[in-house]
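# A structural walkthrough
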Amino acid sequence: MSQNIRVRFAPSPTGPLHIGGLRTALFNYLFAKRQGGTFILRIEDTDQSRFVSGAEDYIIESLEWCGLIPDEGPRQGGSFGPYRQSERKERYSGYALELINRGHAYHAFDTPEELENLRKKYEAKGETFVYDARVRDSLKNSLTMDRQTTEDLIAAGTPYVIRFRFEPGVEINMHDMVRGEVVVNSSTLDDKILFKSDGMPTYHLANVVDDNLMAISHVIRGEEWLPSLPLHVSLYRAFGWEHLMPQFAHLPLILKPTGKGKLSKRDGDKGGFPVFPLEWKDPGTGDVSPGYREEGYLPEACINLLALLGWNSGTEQELFSLEELVSEFQLDKVGKSGSRFDPEKAKWFNHQHLQRVPDNELIPAFSSTLESKGVSCDQEQIQTLISIIKPRINFMHEMWEQSWFFFTAPSSYDPGVVKKRWKEDTPEKMTMLADALGQCEPFIAESVETVVKNLITDNQWGMGAIMNAWRLLLVGAATGPGLFDLAAFLGKEEVISRMNSGIEKINRQKN
Ligand code: GLU
């Protein structure tokens, strides 16, 4: 059974992959891997007018970044290739003709101008023109012409399209794994174009033919394709392939953080968060859109946050690795309603996954930041620093702003904090603290803590007042990690020098 699970992610290379598309890829991957099945990448590039250079590489790189490596695809190959529809071009016309022979499709010769005029005529009457069973008998197609005329027109090179012929008034019954039974009456559907005048199939024909040729067992895709399902199911039936028809699952939309509708690039621009996995430079306009990778997200976090947009494990657990997702994922835990994207929650996922990365693995990244700041520091100290700062940050690029004071003495002192925390007797207390620290041996976090606390207790000082003033001297502000760790890292000499010069500078600042 398991080797029959074959799913495909079938993006069109019309631009960068939206995170909604990446989630579709992820759900396909998880569904396949859970059951030992095959995850296929198929590039659907039959619409030449929408082709964007670089988009295919972008899609592949995005999948690789997330670790969603296809088992079959344009790069991997496989026994059902080629995996780019443009390279399968010759195959589709035969299928379109077969549908004509079976009475399920027809040639249509109406020119774009004629159709446009009809559209306008209908519009003037307050109606919408639909190419369907009600009108097709009065239009220029092979249903209204005799066979010879049709053949002559084709032989003369007259442009045509091939349309699907829906029988009116038929109830089309379908099953969706997320939505259950779906019924649509064929009278509400138009005779969709299957094959275009440029000799290329449309998405619908190529998609169904390839799903069949590639022995796809499950079609898992975004909800926006649900309206195409009646046509696709009808195509399977028209080809006589109903017994081979894949099962369908349409995934709920990813919704805007606030308000109605699908998450769009504009929402990202407005809210200052990426909607693409990787940075994308538009080859036409040169505009650059931010990517999760470049914004400092870990791929693990990205995958985790996407998995929970539409799926849940049925438990309270929110943090998952890719392996855990593979073993937990089930389509019956995918909900019907859209999931709201929460940019703050996205950061939270990164924070959580960052904490899971061993400190020593983060050394190279932070070392190069330090190098760029002209700071030298040995590996052991870097690792210590990472262990101190990591719990305080969401992204590695926040390391420096949270740790610069480990390397440089503050050059200014937050006036608001000075006003609040620097009282008349503070300089004297800080001088006493500096003296006590001068006696502290060994100068490690634990003994520094003992010295400071003893001094506070012996003099019956308030803990908060002393710690805040001391922080101001060491950091210049009211924020930062634990002071005992900081002091131990800085060493006795640096601590005392910062304290002495700070006392002097703040006194000057106050007067
Ligand atoms: N090429 C379609 C897309 O761009 C694929 C839809 C499907 O999976 O059937 O999303």
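Scroll up a little and you will see the structure.
The rules behind the values
- Residues numbered from 1 in each chain as written.
- Predicted model: local features only at pLDDT ≥ 70, side-chain atom pairs only at ≥ 80, totals over all residues.
- Heavy atoms only, no water.
- Axes fitted to C-alpha atoms, helices over the stretch in contact; angles between N-to-C directions.
- Helix = DSSP H or I, 4+ residues; strand = E, 2+ residues; numbered from the N terminus.
- Parallel < 35°, antiparallel > 145°, perpendicular 65-115°, else oblique.
- Left-handed = near helix turned anticlockwise from the far one by under 90°.
- Contact = heavy atoms within 4.5 Å.
- Nonpolar A, V, L, I, M, F, W, Y, C, P; charged D, E, K, R; others polar.
- 1 Å grid on protein atoms, 1.4 Å probe; cavity = no way out; pocket = protein on both sides within 12 Å on 5 of 7 lines; lining within 4 Å.
- Points joined across faces, edges and corners; volume = space filled by probe spheres on them.
- Salt bridge = Lys/Arg side-chain N within 4 Å of Asp/Glu carboxyl O.
- Buried < 20%, exposed > 50% of the residue type's maximum accessible area, 1.4 Å probe, protein only.
- Near = heavy atom within 4 Å.
- Polar contact = N/O pair within 3.5 Å; in protein donor to acceptor, adjacent residues only side chain to side chain.
- Areas by Shrake-Rupley, 256 points an atom, 1.4 Å probe, with all protein chains shown as cover.
- Sits in = over half its atoms within 2 Å of the grid points.
- Phe/Tyr/Trp six-rings, centres within 6.5 Å; stacked < 30°, edge-to-face > 60°.
- Lys NZ or Arg CZ within 6 Å of the ring centre and 35° of its normal.
- Pairing = 2+ DSSP bridges.

Viewed as axis vectors pointing N to C, helix α6 (residues 203–213) and helix α7 (residues 229–239) meet at an angle of 55 degrees, and their least axial separation amounts to 10 Å. On the basis of their axis angle, the class for α6 and α7 is oblique. Seen from above, α6 lies across α7 with right-handed handedness. In this structure, α6 contributes Tyr 203, His 204, Leu 205, Asn 207, Val 208, Val 209, Asp 211 and Asn 212 to the contact, and α7 contributes Leu 231, His 232, Leu 235, Tyr 236 and Phe 239. Residues that form the contact of α6 with α7 fall into these classes: eight nonpolar, four polar and one charged.

In this section: the layout of surface pockets. Put simply, the largest pocket is a space of about 1100 Å³. The element contributing the most residues to the lining of the largest pocket is helix α1 (residues 19–34), with five residues. Residue composition of the lining of the largest pocket, by class: 15 nonpolar, 14 polar and nine charged. Roughly 260 Å³ of volume is contained in the second largest pocket. Lining the second largest pocket are Leu 97, Ile 100, Asn 101, His 107, Ser 142, Arg 147, Thr 150, Glu 151 and Ile 154.

Okay, the pattern of salt bridges next. According to the stated counting rule, one finds 32 salt bridges in the structure shown. In this structure, the salt-bridge partner of Lys 390 is Asp 359, at a minimum N-O distance of 2.9 Å. Linking Lys 390 in the loop between α13 (379–389) and α14 (415–421) with Asp 359 in the loop between α11 (343–356) and α12 (363–372), this pair joins segments that are 31 residues apart in sequence. Assessed through its relative accessible area of 7%, Lys 390 is described here as buried. Here the salt bridges do not stand alone but share partners, grouping Arg 8, Arg 42, Glu 44 and Asp 211 into one network.

As a structural note, the neighbourhood of the ligand is formed by Arg 8, Ala 10, Ser 12, Glu 44, Tyr 203, Asn 207, Arg 221 and Trp 225. Between Arg 221 and the ligand, the recorded distance is 2.8 Å, taken from a side-chain N or O atom to an oxygen atom. With the chains in place, 85% of the 290 Å² that the ligand exposes on its own is no longer accessible. In a pocket analysis with a 2 Å cut-off to the grid points, the ligand is assigned to the largest pocket. When grouped by side-chain class, the residues that make up the shell around the ligand number three nonpolar, two polar and three charged.

Another point: the packing of aromatic side chains. Inspection of every chain in the model, using the stated rule, returns 25 aromatic pairs. Centroid distance Tyr 29 to Phe 39: 5.6 Å. Interplanar angle 90 degrees. Geometry classified as edge-to-face. Placement of the pair is Tyr 29 in helix α1 and Phe 39 in strand β2 (residues 38–41), with a sequence separation of 10 residues. Of the residues examined, Phe 39 reaches a relative accessible area of 0% and is grouped as buried. In this structure an aromatic cluster arises from ring pairing among Trp 400, Trp 404, Phe 405, Phe 406, Phe 407 and Phe 489. The ring of Phe 27 carries the charged tip of Arg 23 above its face, separated from the ring centre by 5.5 Å. Sitting over the face of the ring of Trp 348, Lys 345 holds its NZ or CZ atom 4.6 Å from the ring centroid.

One pass over the full model with this rule turns up two cavities of 30 Å³ or more. Around the largest cavity sit Leu 41, Ile 60, Leu 63, Glu 64, Pro 70, Pro 74, Arg 75 and Gln 76, which together line it. Ranked by residues supplied to the lining of the largest cavity, first place goes to helix α2 (residues 55–66) with three residues. Of the residues contributing to the lining of the largest cavity, the split by class is five nonpolar, one polar and two charged. Around the second largest cavity, the lining residues are Lys 265, Gly 268, Asp 269, Phe 273, Pro 274, Val 275, Phe 276, Ser 289 and Pro 290. Counting residues per element, the lining of the second largest cavity draws most heavily on helix α8 (residues 265–271), at three residues. Along the lines of polarity and charge, the residues of the lining of the second largest cavity split into five nonpolar, two polar and two charged.

Of the two faces of strand β4 (residues 161–164), the one carrying Val 161 and Arg 163 and the one carrying Ile 162 and Phe 164 are both buried. Two elements, β4 and strand β7 (residues 193–195), share two bridges in a ladder whose sense is antiparallel. Residue pairing for β7: Ile 162 is matched across the bridge by Phe 195.

Looking now at the environment of Lys 453. Mapped onto the elements, Lys 453 comes out in helix α16 (residues 445–459). Residues Lys 453 and Ile 303, spaced 150 residues apart in sequence, show a C-alpha to C-alpha distance of 45 Å.

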